[in-house]
Amino acid sequence: MSGNSIGKLFTVTSFGESHGPAIGCIVDGCPPGLALSEADLQHDLDRRKPGTSRHTTQRREADEVEILSGVFEGKTTGTPIGLMIRNTDQRSKDYSDIMDRFRPGHADYTYNQKYGFRDYRGGGRSSARETAMRVAAGGIAKKYLQQRYGIQVRGYLSQIGPIRAGQFDWDQVEQNPFFCPDASKVAEMEAYMDELRKAGNSIGARINVVASGMIAGLGEPIFDRLDADLAHALMSINAVKGVEIGDGFLCVEQKGTEHRDEMTPDGFLTNHAGGVLGGISSGQDLVASIALKPTSSLRLPGQTVNRSGEPVEVVTKGRHDPCVGIRATPIAEAMMAIVIMDHLLRHRGQNMDVESGLADLEK
């Protein structure tokens, strides 16, 4: 299986399965001298881990990360950083009934067609459990970006099903299980999820992620555009079916006079482009949104086929998120941080001493 790595200078390669003994990753390209410990990574892992509220899967994993290499006397050495999280709460027997039948909306069928067989225990490699290692690796990038360049990467849930956040307060994001910036919507979201869970169904969500304190010049103008690489990274998250940069699809209804981000000596007047112009960062906030589909693992009966191609009924047992978007905010933050980190190192290697003759516009 190829395609387990992302990045060119700051690279992350993950390994492991949902019901294997452990999951892990190798982070290569982190500059030396960054103070780093497990505690630096654990906060975001705790934000992502299962079982933190009644609205998420009740699988109980501590998700305690271990640093295996690349750190000496509390600082990164510049060598590959090995990270590992041991799996402790697998219930593989919950999946025995789907051993020979394909869950609709899952990777079961496509895995079987590509590899000839599949690990049916929790989805194996295609399980969202793998994203824990992205969050751990992203924690390294987030700390480096914040400490060395003042770039802060944060995300929030802007919509779950029909419920949209109306007000916005960054301080509220960490005060509720939904990562919602609108405190007035939390009770409505809780009631909606309770009703959905009782019905045995699921729902989708929208997550917004923002990098503030950006510098201008990151990205390339052709294939390695900053927004293209960001879209690639965000789309690689399990269940993501849509990615928008800046206004995204809203630009279809905007006139050019509305969408263009006009400039003055005091700075940009708007940020419809989401902080990227021609594939290169403008220094404005980098803004992206992702749409996550409803969970496909349901206890409600559905039609499918088995390995013999015969029509059968499928019911998914086990512990599943009724809305995967609830735990997706730290994952989206991690992927944005990894992309920015990679492009920052690439920019530093080729263009950091370039003098443009023009000061950065105020943001």
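Relevant structure appears above.
Rules used in this analysis
- The residue numbers shown here count from 1 along each chain, following its written sequence.
- Thresholds applied to this predicted model are a pLDDT of at least 70 for local features of residues and 80 or more for the giving and counting of side-chain atom pairs; totals over whole chains, interfaces and linings are not thresholded and use all residues.
- For the side-chain quantities, the full set of heavy atoms in the structure was used; hydrogens and water were omitted.
- Strand pairing is assigned whenever DSSP identifies at least 2 bridges connecting the two strands.
- In DSSP terms, a helix is any run of H or I states spanning at least four residues, a strand is any run of E spanning at least two, and both are numbered starting from the N terminus.
- A contact between two residues is defined here by any heavy atoms of the two lying within 4.5 Å.
- All axes are obtained by fitting lines to C-alpha atoms, using only the stretch in contact for helices, and the reported angles, taken between N-to-C directions, cover 0 to 180 degrees.
- Definition of nonpolar core: a set of buried residues of the types Ala, Val, Leu, Ile, Met, Phe, Trp, Tyr and Cys, connected through side-chain atoms within 4.5 Å.
- When accessible area is computed with a 1.4 Å probe and restricted to protein chains, residues below 20% of their type maximum are described as buried, those above 50% as exposed, and intermediate ones as partly exposed.

Draft legend 1. Quick look at the sheet that holds strand β3 (residues 22–28). Spatial strand order, β1-β2-β3-β7-β4: 5 strands in an open sheet with antiparallel pairing. Both edges of this open sheet fall to β1 (5–6) and β4 (65–67), since each of them pairs with a single strand only. Here β3 runs beside strand β7 (residues 81–86); their pairing, made up of 6 bridges, is antiparallel. When the sheet's bridge partners are listed, Ala22 is paired in β7 with Arg86. Along the sheet, helix α1 (residues 38–48) contacts β4 and β7; its crossing angle with β4, the most-contacted strand, is approximately 155 degrees.

Draft legend 2. Quick look at the environment of Phe268. Mapped onto the secondary structure, Phe268 falls in strand β13 (residues 267–268). Sequence-wise, Phe268 and Glu253 are 15 residues apart; in three dimensions their C-alpha atoms are separated by 21 Å.

Draft legend 3. Inspection of the pairing of strand β2 (residues 11–16) at higher detail. Inspection of the sheet shows β1 paired to β2 by 2 bridges, in the antiparallel sense. Within the sheet, the bridge partner assigned to Ser5 lies in β2 and is Thr13. Here β1 hands over to β2 after 4 residues, with Gly7 in that stretch at a positive phi of 100 degrees. Taking the residues that link successive antiparallel strands as the turn, the β2-β3 hairpin has 5 residues.

Draft legend 4. The sheet that holds strand β9 (residues 163–164), seen in detail. Spatial strand order, β9-β8-β10-β16-β11: 5 strands in an open sheet with antiparallel pairing. Here the strands that pair on one side only, and so sit at the sheet edges, are β9 and β11 (240–245). As paired strands, β11 and strand β16 (residues 286–292) are joined by 5 bridges and run antiparallel to one another. Across the sheet, residue Gly242 finds its bridge partner in β16, namely Ala291. Helix α8 (residues 329–350) contacts β8 (152–160), β10 (205–212) and β16 of the sheet and is inclined by roughly 140 degrees relative to β8.

Draft legend 5. Fine view of the nonpolar core. Judged by nonpolar contacts, the single largest core of 70 residues is most densely connected at Phe10, Leu83, Ile140, Ile160 and Ile340. Ranked by residue count, the leading element in this core is α8, at 11 residues. Every residue in contact with Ile340, bar those within four places of it in the chain, is listed here: Leu145, Ile151, Val153, Ala211, Met214, Leu218 and Leu286.

Draft legend 6. Up close: the pairing of β7. Of all 6 residues in β7, 5 are buried, a share of seventy percent or more. As paired strands, β4 and β7 are joined by 3 bridges and run antiparallel to one another. If you follow Val65 over to β7, its bridge partner there is Ile85.

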